[in-house]
Every structure is written in structure tokens, then in C-alpha cells.
Amino acid sequence: MHQRAILWFRNDLRLHDNVALCEAIQKSHHVYLVYCFDPRDYAETAIGLPKTGPYRAKFLLESLQALKDNLQAIGSDLIIRQGIPEHVIPQLAKEIKVQAVFASKEVVCEEMESALEKKLASEGIALSLVWQSTLLHVDDIPWPIRNVPDVFSQFRKEAEGVTPVREMANKPCCLPPLDMEAGSLPSLEDLGLETARQDERAVLPYKGGETAALQRLQQYLWDHDCLKAYKETRDGLLGADYSSKFSAWLANGSLSPRMIYREVKRYEQERTKNRSTYWLIFELLWRDYFRFVAKKYGNKLLQPEGLKDKPVDQCNDEGSFKRWKNAETGVPFIDANMRELNATGFLSNRGRQNVASFLIKDLRVNWTWGALYFESLLIDHDVSSNWGNWSYIAGVGNDPRENRYFNIMSQAKRYDPRGEYVRYWIPELSDLPGKKIHYPTALPAAELAATGISIGKDYPKPMVDFQKWLY
Ligand code: FAD
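Notes on the structure in this doc start here. Note that the structure is a prediction, hence the values are computed from the model and not measured.

**With respect to the environment of Leu448**
Piece 1. Positionally, Leu448 belongs in helix α18 (residues 445–451).
Piece 2. Note on Leu448: relative accessible area 13%, which makes it buried.
Piece 3. When the C-alpha positions of Leu448 and Asn403 are compared, they lie 36 Å apart, and in sequence the two are 45 residues distant.
Piece 4. Ignoring anything within four residues of it in the chain, the contact list for Leu448 reads Leu432, Pro440, Leu443, Ile453 and Ile455.

**Quick look at the site of the ligand**
Piece 1. Taken together, 26 residues sit near the ligand, with Tyr230, Ser243, Ser244, Lys245 and Asn349 positioned nearest.
Piece 2. Within the contact set of the ligand, an oxygen atom lies 2.6 Å away from a side-chain nitrogen or oxygen of Ser244.
Piece 3. Contact with the protein chains hides 96% of the accessible area of the ligand, taken as 810 Å² for the molecule alone.
Piece 4. For the shell around the ligand, the elements supplying multiple residues, two or more each, are α8 (247–251), α10 (275–297), α13 (349–362) and α15 (383–394).
Piece 5. Per-class residue counts for the shell around the ligand are eleven nonpolar, nine polar and six charged.

**Notes on the packing of helix α5 (residues 152–159) against α10**
Piece 1. Interaxial distance between α5 and α10 falls to 10 Å at its minimum, and their mutual angle equals 115 degrees. Regarding the angle of α5 to α10, the classification is roughly perpendicular. At the point where α5 passes α10, the crossing takes the right-handed sense. Contact residues: α5 offers Phe152, Phe155 and Arg156, while α10 offers Tyr278, Phe282, Leu285, Trp286, Tyr289 and Phe292.
Piece 2. In terms of residue class, the contact of α5 with α10 is made up of eight nonpolar, no polar and one charged.

**Side note on the pattern of salt bridges**
Piece 1. Under the definition given, this model contains 35 salt bridges.
Piece 2. One salt bridge connects Asp38 with Arg40, and the closest N-O pair in it is separated by 2.8 Å.
Piece 3. In this structure Arg40 comes out as partly exposed when scored by relative accessible area, which is 35%.
Piece 4. A salt bridge links Asp150 to Lys296, with the nearest nitrogen and oxygen atoms 3.0 Å apart. Note that Asp150 is positioned in the loop between β5 (126–130) and α5 and Lys296 in helix α10, a separation of 146 residues in sequence.
Piece 5. Judged by relative accessible area, Lys296 falls into the partly exposed class, the value being 23%.
Piece 6. Members of the salt-bridge network, linked through shared partners, are Arg10, Lys105, Glu110, Glu113 and Lys295.

**Examining the sheet that holds strand β2 (residues 28–37)**
Piece 1. Strand order in the open sheet made by the five strands is β3-β2-β1-β4-β5, with parallel pairing throughout. Strands with a single pairing partner mark the edges of an open sheet, and in this sheet they are β3 (79–82) and β5. Adjacent strand axes in the sheet meet at a mean angle of 30 degrees, parallel and antiparallel pairs treated alike.
Piece 2. Where β2 and β3 come together, four bridges link them in parallel fashion. Paired with Tyr35 across the bridge in β3 is Ile80.
Piece 3. Against the sheet, helix α1 (residues 19–27) touches β1 (2–9), β2, β4 (100–104) and β5, its axis set at about 145 degrees to β2.

**Regarding the packing of helix α6 (residues 210–223) against helix α9 (residues 257–270)**
Axis angle and axis distance: for two packed helices, these are the angle between their axes and the distance between the axes, and together they describe the pair.
Piece 1. Running from N to C, α6 and α9 cross one another at 25 degrees; their axes reach a closest spacing of 11 Å. Taken together, the axes of α6 and α9 lie roughly parallel to each other. Our pair here, α6 against α9, has a crossing hand that is right-handed. Taken together, the residues of α9 that come into contact with α6 (itself represented by Leu214, Leu217, Leu221 and Trp222) are Met259, Ile260, Glu263, Val264, Arg266, Tyr267 and Glu270.
Piece 2. The class makeup of the residues in the contact of α6 with α9 is eight nonpolar, no polar and three charged.

**Focus on the packing of aromatic side chains**
Piece 1. Inspection of the entire model under this criterion finds 36 aromatic pairs.
Piece 2. Geometrically, the ring pair formed by Phe152 and Phe282 is edge-to-face, given 5.5 Å between the ring centres and 85 degrees between the ring planes. Highlighted residues: Phe152 in helix α5 and Phe282 in helix α10, separated in sequence by 130 residues. Assigned by exposure class, Phe152 and Phe282 land together as buried.
Piece 3. Ring centres of Phe155 and Phe292 lie 5.9 Å apart, and the angle between their planes is 50 degrees; on these two criteria the pair is classed as tilted. Of this pair, Phe155 sits in helix α5 while Phe292 is found in helix α10, placing the two residues 137 residues apart along the sequence.
Piece 4. The class of Phe292 is buried, set by a relative accessible area of 0%.
Piece 5. Taken together through their ring pairs, the aromatic side chains of Trp131, Trp143, Phe152, Phe155, Tyr278, Trp279, Phe282, Trp286, Tyr289, Phe290, Phe292 and Tyr392 make up a single cluster.
Piece 6. A cation over an aromatic ring shows up here: Lys245 above the ring of Tyr242, its NZ or CZ 3.5 Å from the ring centre.

**What to know about unusual backbone geometry**
Piece 1. With phi around 55 degrees, Asp225 is a residue other than glycine that occupies positive phi space.
Piece 2. A residue is classified by how much of its surface remains accessible, and Asp225, at 22% relative accessible area, is partly exposed.
Piece 3. In this model, Ala327 sits at a positive phi of 60 degrees, which is unusual for a non-glycine residue.
Piece 4. When you line up the elements, Ala327 lands in the loop between α11 (318–325) and α12 (332–344).
Piece 5. On the basis of relative accessible area, Ala327 is assigned to the buried category, the value being 5%.

**Remarks on helix α4 (residues 110–122)**
Piece 1. With 13 residues, α4 extends 18 Å from end C-alpha to end C-alpha; this agrees with the ideal 18 Å at 1.5 Å per step.
Piece 2. Next to the buried residues of α4 lie β1, α3 (85–95), β4 and β5.
Piece 3. The positive-phi residue at the C-terminal boundary of α4 is Gly124, with phi of around 75 degrees.

**Section: the side chain of Glu62**
Piece 1. Mapped onto the fold, Glu62 is located in helix α2 (residues 54–73).
Piece 2. On the basis of relative accessible area, Glu62 is assigned to the buried category, the value being 18%.
Piece 3. Discounting residues that sit within four places of it in the chain, Glu62 has contacts with Tyr206, Lys207, Gly208 and Gly209.

Quick notes on the rules
- Residues numbered from 1 in each chain as written.
- Predicted model: local features only at pLDDT ≥ 70, side-chain atom pairs only at ≥ 80, totals over all residues.
- Heavy atoms only, no water.
- Helix = DSSP H or I, 4+ residues; strand = E, 2+ residues; numbered from the N terminus.
- Buried < 20%, exposed > 50% of the residue type's maximum accessible area, 1.4 Å probe, protein only.
- Contact = heavy atoms within 4.5 Å.
- Near = heavy atom within 4 Å.
- Polar contact = N/O pair within 3.5 Å; in protein donor to acceptor, adjacent residues only side chain to side chain.
- Areas by Shrake-Rupley, 256 points an atom, 1.4 Å probe, with all protein chains shown as cover.
- Nonpolar A, V, L, I, M, F, W, Y, C, P; charged D, E, K, R; others polar.
- Axes fitted to C-alpha atoms, helices over the stretch in contact; angles between N-to-C directions.
- Parallel < 35°, antiparallel > 145°, perpendicular 65-115°, else oblique.
- Left-handed = near helix turned anticlockwise from the far one by under 90°.
- Salt bridge = Lys/Arg side-chain N within 4 Å of Asp/Glu carboxyl O.
- Pairing = 2+ DSSP bridges.
- Phe/Tyr/Trp six-rings, centres within 6.5 Å; stacked < 30°, edge-to-face > 60°.
- Lys NZ or Arg CZ within 6 Å of the ring centre and 35° of its normal.
- Expected span 1.5 Å × (residues − 1).

Remember that the coordinates give geometry; whether it matters functionally is a separate question.
Right, here's the structure in full:
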């Protein structure tokens, strides 16, 4: 039993089902709860944008405020520090004379974690890292990490059924009071960021934190009863309930995947069990899978050649990249999705697939630029899921199919058959009737003139030839 220990919160910003927190409490008399803002998370990336942009930073600040409130409610508080964790944590550990540090293990932080471990060990302090971000525990899957299959369906078939989902950890009900200065949360400005806009067109008025996460879980499953139709609605583009919207809370750990699992099982017993209820778990397995793959391949995931070490054919035209990110491609379905991302920090899965494919396959721009752009903008950014999905679409990740290609016109007509999504985000085209909104330049000149819309003036001319999608 330790006299004193630190629990270092990372992407596990919750009290429910927090194994690292429970272990720290069980094994020590007094636990100091710490969060550290790492300046590297706010630094500029190769495309000149902050790694963490305002949408996610605001969501994180709200999540930390909620954690602080919830810790205060059970008697303790959250210590806030800024600086490189490998320096700050050992310094604090020495200052408050702890014998151990507990934290969750991350999948792509090996170097940082071993540097921290070494530093702490040199002071005689133990570091205990606990795996807890996935639904299936890494020690329970049927393979050592180096042998995790490179194809998702094989992973799923072999893991499903034989790998148990572990019981949730108990939520602590009281903690001793903090006997030192807690420190306060920085503002967005302190982090070098602009204010995050709150756009009323967003799918949800996102609010960070465990309390809001559990409310969304209650709302989606129980109050709105959406789970029973998830498989049919999940490819939607408009509104709060076509999909769960759990991703942002899952990404910073305000919500545990096992909590979702437990609620889905309860829903299956009390309401309905069908292919939709199964499918939400199926999607959580995709999330797990990308984490295991990231652990298996490490930094390779972030390289343009990807997991396959495959040279990619690209032209890296900065002008094309700029038009893509500024939603000025002249392809309404792409621009509508990019406008949503830029205005809200969120994008549907269908939208993400289309804009990623368009950038890589139609504009032939380096997929890592797109991944970095998503990393900065997304409220739910998660290294494994973002880079795993981008490399998949680029054909250098886990997709067993060679040359998967999204025909943007077919996608637009299938998933936005009446053009409502495009009309919502590009109101200047709203006079174009029905699905004709997807291909404005195909309208006969007289019909286009009658709408008063001038392509090239009111809306950009297309930067690709639509004919290739119309076979
Ligand atoms: P739902 O459809 O309700 O799914 C439930 C949960 O399952 C999600 O919250 C998510 O945790 C998981 N999930 C669903 N689809 C996927 C998937 N394809 N890969 C991994 N997990 C999945 N997801 C992120 O959480 N963070 C990212 O940074 C991210 N980047 C992406 C980049 C690209 C290019 C693409 C194509 C997908 C990306 N995704 C990412 C996956 C997916 O688009 C989002 O998880 C999903 O849109 C979030 O909405 P939701 O919570 O309503 O999902």
C-alpha cells in the first residue's frame, strides 16, 4: 500500500469505469488527481494548423471542468498543470513525495511513456500504466498484439464471442480533500487558440464531460429510442439522431465503451434486440481494431506509405488542397461536407469517407495532409481512428481491397437523394431543384439562368470533370 500516489488523467476523463483511478485508490492512502496540458498538443503541424484546434480544445476544457466538478462533489479536486508531462509529473511526484504514479496507457505514446517511466524510476517512483480505452481488453483478444490480423473481418470473426467484455470498474464515492493548490484551467487564449464558434446548424450542441456524455447515452438509447433503427439510419447526414454521436466523449474518455456496451445489453433485454443493436457494438469493434492496429504498427500509421510501405501516387498540389479545405471545389456534395466540418468540428462517417476519398483519389493530394486537417478540426479526433481510416481510404492501411474508389456523384445521389443536405449547407444553390443540386453545370443554360445562380460567381466552377462519375 502506498502512502501517496498520483493519478494522472489522460484520455480517461471520467469517474465511471476508470480502472486506473480505481487501482490508484485501492493501492494508496491519498491519491492526487492531476491533468497536464502538454504544449506539444497545441503546436503547429506540417500544414500550419494547431494539432488541437479550438473545437476540440473547447470540448476538452468543458470535459475537465466537468471532471473537476465531479471530483469536488466527492470531496477532492483536480490539479491542473501545464508543461511536458515527462517533466511535470516527476517534478510534482517529487514535490508531494508520492511512491507511485497511475495512468491509462495510450496506444501511440511509447516513447513518452518510457521516458516518464525512466525519470520516475530514477527517483524510486513506480509507474503503473493501465490499458482501458477499448471495449475488448488487449490481454483478452486471441492474439499477441504483433499477430493482430491485418483485415478487420478476420479480427472481428475470431475475437467476437470468444473475447469477454470485462466488468466495469466501480465509481468512487468519496475521496480525501486536496491539501495543495489545485491550479486553474487555462482559457483557449492561454492555449494560443481562437474562440470556438458555436454554429446553430451543428448536429448537436456538443458539451464536453462525463455528465453530458451520460446524458447523451440516455437520450440516444432510452429517451429517443434510436438504437433499434441505428443500422438503417447510421449513414445519415442531417440531425442529431441518425447516429449516436458518442465519438467525441469516447475520444477523450468522458465515456467508457464498456458503459455503452452495458447499456446496449440492457436495451436488448428491456426493449429490442436486433441487427441495429448488434451494429453499434460492431462499430465499437472497428474503434478497438484501429487501436490494436495502431499499437501493432506504431508510427508507421502516420507515414504516407502507411502500414503497407507502399509508395503513393500523388501530386501534392497546394492549390487543390486549399480549395478542398476551404470548401471551394465546385462539387456541392464535397463542399457541403467541408462546410459542416469547418463550421462545427463534426462530420458524419459518410461525409468523412467522401471528402477523404475525393482528396486522395480525385485530387491526388497527400492523404496525410487531409489527416492533419481532420486532426486539427475534429471535435472527436482520435489518433488511431483518424489515421487508421485515412490510411484505409488511401489504400495503404487495412483495406484488403485494392483501389477502392468513391464515385462522388453516386454517393451524393444515394445518401442525399433530394439534395437536402447540400441545400442545408450551401443555401446559395437552394433554388436548384431536387437532386440536380449535385451537378449544377449539367443544367441547361436557360434553366440555370432562370434560377439566377451564376456558376463561377455565386458558387465555384468544378475543379474536376463530373463526366468521370456519370458512366
Ligand atoms: P456511430 O455511427 O454512432 O458509431 C458509434 C461509435 O463507433 C463511434 O462513436 C466511434 O467510436 C465508433 N466508430 C464508428 N465508425 C467508426 C470507424 N469507421 N472507425 C473507428 N471507429 C468508428 N472516429 C473518431 O472517433 N475519431 C476520428 O478522429 C475519426 N476520424 C475519421 C476519419 C475518416 C477519414 C473516417 C472515414 C472516419 C473517421 N472516424 C473517426 C470514424 C467515424 O467517422 C466516427 O467515429 C463517427 O462518424 C462518429 O460519429 P458517431 O459517434 O455518431 O458514430
